[in-house]
Each structure stands twice: as structure tokens, then as C-alpha cells.
Amino acid sequence: MRTLRSKLSCAVALLFLFGGIVARGQEKPAAKIEVDLRDAGRRVYHSKMEFPVTAGPLTLVYPKWIPGEHSPTAAIVDATGLHFRGNGKEIAWRRDDVDLYAFHCQIPPTVTSLEVTFDYLLPLESGTAGVPSASAKLAVLPWNLVVLYPDGEKSDDVKFVPSIRVPDGWKLATALQPLTDSHRTDGALEFEPVSLTTLVDSPVLTGSFFKTYDLAPGQKVEHRLDIAADSVEATAMSPQELRNMRQLVAEMGALFGARHYRHYDFLLALSDHLQPNGLEHHESSDNRAPERMWLDPDTLEGFVDLLPHEFFHSWNGKYRRPAGLAAPSYQEPMKGDLLWVYEGLTQYYGEMLGARSGFWAPSQLRETLAATAAYLNERPGRTWRDLQDTAISAQLLYGARPAGSSWRRSADYYDESTLIWLEADTIIRKESNGQKSLDDFCKAFHGTEDGAIKVAPYTLDDVLAMMNGIAPYDWRKFFEERIHSHGPGAPLGGLENSGWKLTYSEVLNEHQRADEESSHIMDVEFSLGFSVHAPGGDDANSIVDVIPGSPAAKAGLAPGMHLVAVNGRRWSPDGLREAIRTAKNSSNPIELLAENDDYYHNFSVHYHGGERYPHLSSSGGADLLSAIAKRRAAEVAK
Ligand SMILES: [Zn+2]
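Residues numbered from 1 in each chain as written. Predicted model: local features only at pLDDT ≥ 70, side-chain atom pairs only at ≥ 80, totals over all residues. Heavy atoms only, no water.

Attention shifts here to the overall build of the protein chain. Scanning the protein chain from N- to C-terminus turns up 20 helices and 31 strands. Radius of gyration (C-alpha) of the protein chain: 26 Å, near the 26 Å computed for a compact globule of 638 residues. Dimensions along the principal axes, computed over C-alpha positions, put the protein chain at roughly 85 × 65 × 50 Å. In the protein chain, which comprises 638 residues, the proportion classed as buried is 55%. Within the protein chain, contacts between residues at least 6 apart in sequence are counted, and of these 72% link residues at least 24 apart. In the structure as shown, the protein chain presents an accessible area of about 26300 Å², 51% of it carried by carbon and sulfur atoms. Within the protein chain, the 85 negative side-chain charges are centred at a point lying 3 Å from the centre of the 63 positive side-chain charges. (Helix = DSSP H or I, 4+ residues; strand = E, 2+ residues; numbered from the N terminus. Rg over C-alpha atoms; globule rule 2.2 N^0.38 Å. Buried < 20%, exposed > 50% of the residue type's maximum accessible area, 1.4 Å probe, protein only. Contact = heavy atoms within 4.5 Å. Areas by Shrake-Rupley, 256 points an atom, 1.4 Å probe, with all protein chains shown as cover. Lys, Arg positive; Asp, Glu negative; His and termini not counted. Charge placed at Lys NZ, Arg CZ, Asp CG, Glu CD.)

Another point: empty space enclosed by the protein. This model, assessed by the stated rule, comprises five cavities of 30 Å³ or more. Surrounding the second largest cavity, P67, G68, H70, G317, K318, R321, L325, M334 and Y342 form its lining. Within the lining of the second largest cavity, the residues separate by chemical class into four nonpolar, three polar and two charged. (1 Å grid on protein atoms, 1.4 Å probe; cavity = no way out; pocket = protein on both sides within 12 Å on 5 of 7 lines; lining within 4 Å. Points joined across faces, edges and corners; volume = space filled by probe spheres on them. Nonpolar A, V, L, I, M, F, W, Y, C, P; charged D, E, K, R; others polar.)

In this section: the nonpolar core. In summary, soluble globular proteins display a tendency toward joint burial of nonpolar side chains. Among the nonpolar cores identified, the biggest contains 90 residues, and L225, W294, W421, M467 and F479 are the most heavily contacted of them. Excluding residues that lie within four positions of it along the chain, F479 makes contacts with W340, I420, W421, A424, L464 and M467. Core analysis: the second largest hydrophobic core is formed by 53 residues, L58, W170, V194 and L199 among them. (Core = buried A, V, L, I, M, F, W, Y, C linked by side-chain atoms within 4.5 Å.)

We now examine the coordination of the zinc ion. Around the zinc ion, the protein supplies H309 (NE2), H313 (NE2) and E343 (OE) as donor atoms, at distances of 2.0 to 2.1 Å. When the donors of the zinc ion are listed by position in the chain, the intervening gaps give H-x3-H-x29-E. Of this pair, H313 sits in the loop between α5 (306-312) and β21 (320-322) while E343 sits in the loop between α6 (339-342) and α7 (344-356); the two residues are 30 residues apart in sequence, bridging distant segments of the chain. Each of the two residues, H313 as well as E343, counts as buried. (Donors = N, O, S within 2.8 Å, 3.2 Å for Na, K, Ca; no water.)

Let us now look at the sheet that holds strand β28 (residues 569-570). Pairing in this open sheet of four strands is antiparallel, and the strands run β28-β27-β29-β30 from one edge to the other. Either end of the sheet is taken by a strand with one partner, and the two such strands are β28 and β30 (599-605). When strand β29 (residues 590-596) meets β30, the two strands line up antiparallel, connected through seven bridges. From the neighbouring strand, A594 faces β30, where its bridge partner is H601. The strands touched by helix α19 (residues 573-584) within the sheet are β27 (562-566) and β29, with β29 carrying the most contacts at an inclination of about 145 degrees. (Pairing = 2+ DSSP bridges. Axes fitted to C-alpha atoms, helices over the stretch in contact; angles between N-to-C directions.)

The relation between two aromatic rings is expressed through the spacing of the ring centres and the mutual angle of the planes. By the definition in use, this model includes 31 aromatic pairs. Ring geometry for Y348 against Y349: centres 5.2 Å apart, planes inclined by 75 degrees, an arrangement best described as edge-to-face. No difference in accessibility class separates Y348 from Y349, as the two residues are buried. Taking 6.4 Å as the distance between ring centres and 75 degrees as the angle between the ring planes, the aromatic pair formed by Y398 and Y413 counts as edge-to-face. With a gap of 15 residues between them, Y398 in the loop between α10 (394-397) and α11 (405-408) and Y413 in helix α12 (residues 413-431) connect regions that are remote in the sequence. Classification of Y413 as buried rests on a relative accessible area of 0%. These aromatic residues form a ring-pair network of at least three members: F256, Y261, Y264, F266, F311, F312, W315, Y348 and Y349. Geometry around F445 places R320 over its ring, the cationic atom sitting 4.2 Å from the centre. Over the face of the ring belonging to Y504 we find R612, whose NZ or CZ atom lies 3.8 Å from the ring centre. (Phe/Tyr/Trp six-rings, centres within 6.5 Å; stacked < 30°, edge-to-face > 60°. Lys NZ or Arg CZ within 6 Å of the ring centre and 35° of its normal.)

In spatial order, the strands read β9-β15-β12; together these three strands make up an open sheet with antiparallel pairing. Two strands lie at the open edges of the sheet, namely β9 (138-141) and β12 (171-174), each paired on one side alone. On average, each strand axis in the sheet is inclined to that of its neighbour by 15 degrees, with strand direction left out of account. Looking at chain direction, β12 and strand β15 (residues 204-207) are connected through four bridges and run antiparallel.

It is worth stressing that arrangement in space is one thing and function is another; only the former is reported here.
Laid out in C-alpha cells, this is it:
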């Protein structure tokens, strides 16, 4: 269903194209795109485009493979009300029978400008068709949702003059450069002409409650944090958090030494009506988090690495990109085999920079890494599916449901690669007698061509050659072994090399505790072997996943059942923890009553190991981890 059109339909489309667009060799005039966001609160975006055309057949396409999403978007299901017009008259279109993202039409002889209009209906909830991008008080506009472009064209070669209208009183931010400081008389704000690549790379954030923070005061290259939230209170950061964000900008400068943007805007939408997410761009990032991210420390704990992660992508992912992910148009399929570099290295540095910028104390970083290591260490899915296959299967796994994820696996290359890149970092430090680190690799690999906003594709061989240039080692063997490993257990060598080992105790992991508070999912995966939605919230009492081979799985419990009672009493997180503690000194099983569809069943769980939560304990060696997580740039001014 998600496979792409055949080569035949691609060739046919190219023939159409040469008949309908301005002749080859001529400078192509820019198309126009006007997007009206004034109905964002009603979850509708209106789009109007004008293409210069010549008579003949023409095919326009809707972007399918969006950089950074690593899977084809299904948003086209919500592209509605499509009309093609020339000289005020309707021009009939026909969707391609094979490539459902392509629309064919015949441009009449007298028509030189094709008007295309359609609406994009925003989903209210995340699902197979896309994700919500607006609430009653804010909106994010990824331009790929509202644009068509001539089939067969490279996104670099298609030029647009973009303009938008936003609701009265709403402010906006984007990496696009406005043509003038003021709005047009019709209320639209017009931007400088850009390629389709830059347009899709430059989303707009707009909202009623809006605040912009200067993250690099007095510096030549501007960095801003633009927040649109569902309340004015949610736009407020503490002075310490602002300092941490400024430190993050300084740390990234110290790490790479070169930047690939004119200015950088962190676009941050804070709403409980959007799905938490981050999407990287060259000169900005589209970040979405809960409304109370800056107000609630437990929520912030879960999002500390979001902004560092997306910022790091400006270098690793946007400037340097695996060749398989650097397609010339949005219709060509992507290959995810190097996502363990693209996302894995970014995940590793997102967490280290969360600590270097001051958001995480070393102990908080350790708790996060312990939770990651334990999660992977107890995933039976690793026995059949290696890291490489999770990356190749990215386009399937991003949409996979949480139920069954311990056996199916998910986009685990974020987490597993964090441990692998930590190990690589410790090996470089050891091999170079402390003279070099993975930071040197980043500077050499990503920190070139200062000021260039471009894509420099790479292959695995390029990565290995640069690693060898920093510290000679059998890196090919190192990475091949790890991306093809089936365990048992997670790759914990990096933790060991950095002075730490994975241990368990009855004390709740701090990162897990904060996660439970904000996600309302209780996790007893390391003792009984399952996680469950807490009472009262979304999907209340529903069991998220059960780890195959765990005590809960052996008792017969399965994802999707609803937990009703523990030892005969209506279940609660505190009651379940109490039951685990009691069973430690008893030979009686823990009795779990659960509802499976319309039937109730009692499950006797034979587990007497007590509460069990992951932590890192000193292995006796030097604490290299704290050295890696230490601030590198000068401390920013208070
Ligand atoms: Zn990422």
C-alpha cells in the first residue's frame, strides 16, 4: 500500500511534464502560493497556487516523502476541494490510477496561468492520515501539506513566492524572509521567492499567545526561541531555562565551529491538542510539546533533549545526510539504512547537550541512560530483529502501535544507537589517550563549509573513513557487529567504558517517575513485565504492552486487556506497587483481574523479586560520562 508508483507511470509523467511547463532551457518563472490560516481554529487551511503554464498535458503532484519524517505521509487523504482553473474556467483533472499523489490535466491553448485551490482538513487526533497541527489558539504550517508542484521536477528547481494570512492579532515566526515589514493591504504577509526545498524546509508557527526569546543577544548570527502556546502563562520561561537555551546555542558553536543557516528559529508549539514531536530543518525546527512544558518540571524532564536534538539535526540530517535520504524530489522513496547515524548520533548528542547546556544534572542524565539501557536490555524483539532492520523498516515502524512493541520492536535506532555512539566516543578517547573524542568527529564531519545552506550526502564509507581519521580503529567491524547484533541484552560497553554499569533497585528511576507523572502510563516492565495506562486518563486501565517471557506474560496477560483489580481490590498504581512489595515476602502469586473484551479473567502472576527499577552504579573506573556531559563553551552571561 505504501509502495511507490511503477517506473512506467514515472516515465509517462515526465512526458506529460515536458508538454505542459515552460520549455526547457528557459528560466522558469516562480509560481505563487497563498495560504490562508484564518480558519486554523476550525482546523482548515486554505491554499491557492498559480503556476505559469503552456498548453498541453500537465501533471501536478502532492509531496509524499518529507525529509525528516522517514516515511511517506498519508496527509493527502485530507487534501479536499481541489480545483484547477484557467482564465476563470474549470480545467478537469484526473488522479493517476497508480500514483494517487499525482493529478493529470490538459492545459488549453489560451491558458498561461493555472490556478489551483484546495483545502487541507487538519486531523483532530493522530492517526494513519496525519497529525494535528493546530489548536484553537495556535497553528503550525508545514508547507508540504498545502502545496502541489509539477511532477518530475527537482524540489530545488521549483520556485515559489509564498504568502500567508493569519487570524487577527496572531503573531508568527518562520525562517522565511518577509518581502517587507508590513502586511499587504489584503492582510497577507509576503515572503521572498524560494525554492520548493526551502519552502518545505521553513514551516510557519503562529498563535494568539506568542513570545520570542533572543538566544544570542548581541551576536551576528541570530538565534531565537519562538513560542506559541494555548495560554499566555505557558509561554514564560524561567531565567535559568533561558540561560540554558543560550548555553545550548554556545555549546553547538563550540562543538561544530560552523553553522549552516543565516539565522536559527526554534519554533515551539505548546499545546495538549498537538502530538509531541520534533521535525528538523536547516534554519529552524518544528517542535511540539505539552502546554505546561516550562511550567511543570516532570513534563520538562521528558522534553529536555527535544530542542537540542532538533537543533543538532541542522548539522546532522540537514547539512550532512545519508545519500539514501537525500532524494531530489518528494516523490522518490527514501532508504533508512543509515538512520542509526542520522537519528542515532543525534539522539546521543541531544542527551549530552541537554546536560552540557545545564538542563540535566549528571545524575539526571544517568537516570535517563539507565532507563534507555534497561528498556533495550529486556526487549526480546532484539532476538529476531537487529538494529539495521529497525532502520530499514523505519517507514513501517513509525506508524506501529505500542502494543506488541517489545516483540516487534519500534524505531529503536534512536535509543540503541545512543548506547553505541557512547561506546564509540569512549573508544576514541581511549585510543587517542584522551586527546580526541567524538566531538572531533562531529567538527570534522559536520563543521565544514560555514554558512552554506545545502545538503552534503554521505555513505557509510564516508563515516568510517572520518572515524578512522580521528582515531584509527576497526570501525567497520565495530559498527557492523553492533547493527547486526541479536544480543542477548543491549550494547552496554559504552556505559562500562565510561565508568558505569546497569543495576536495579527498589527505588523508582527518576526519569521513569517523571515520565509516569506526565504520560500517565505506569511501567512495571522490569518486575512483572508490563506497562498500563493509569486510571482516569486516556485509554484508562488499558495494558500497553506485555514483555514476552515475563512473569505477566507467563500468567497469560496480554496488551489491550484492561486491568481491573489487584489481589481482589480495584487497581491503582500505588496498590499495584504495594502488591509487588508484599509478594516479595510471600509465596502467594499476585492476582490480577483483567477484562479481555467482554470477559473477566483472573491471572496469577508468580513473581517474588520485589520492585525493580534501573539505575547506573559506578563500576569503579573513571567517570568518563560526566566528562562527556560537561559544558564545553564559556558560560553564558547571567
Ligand atoms: Zn531526530
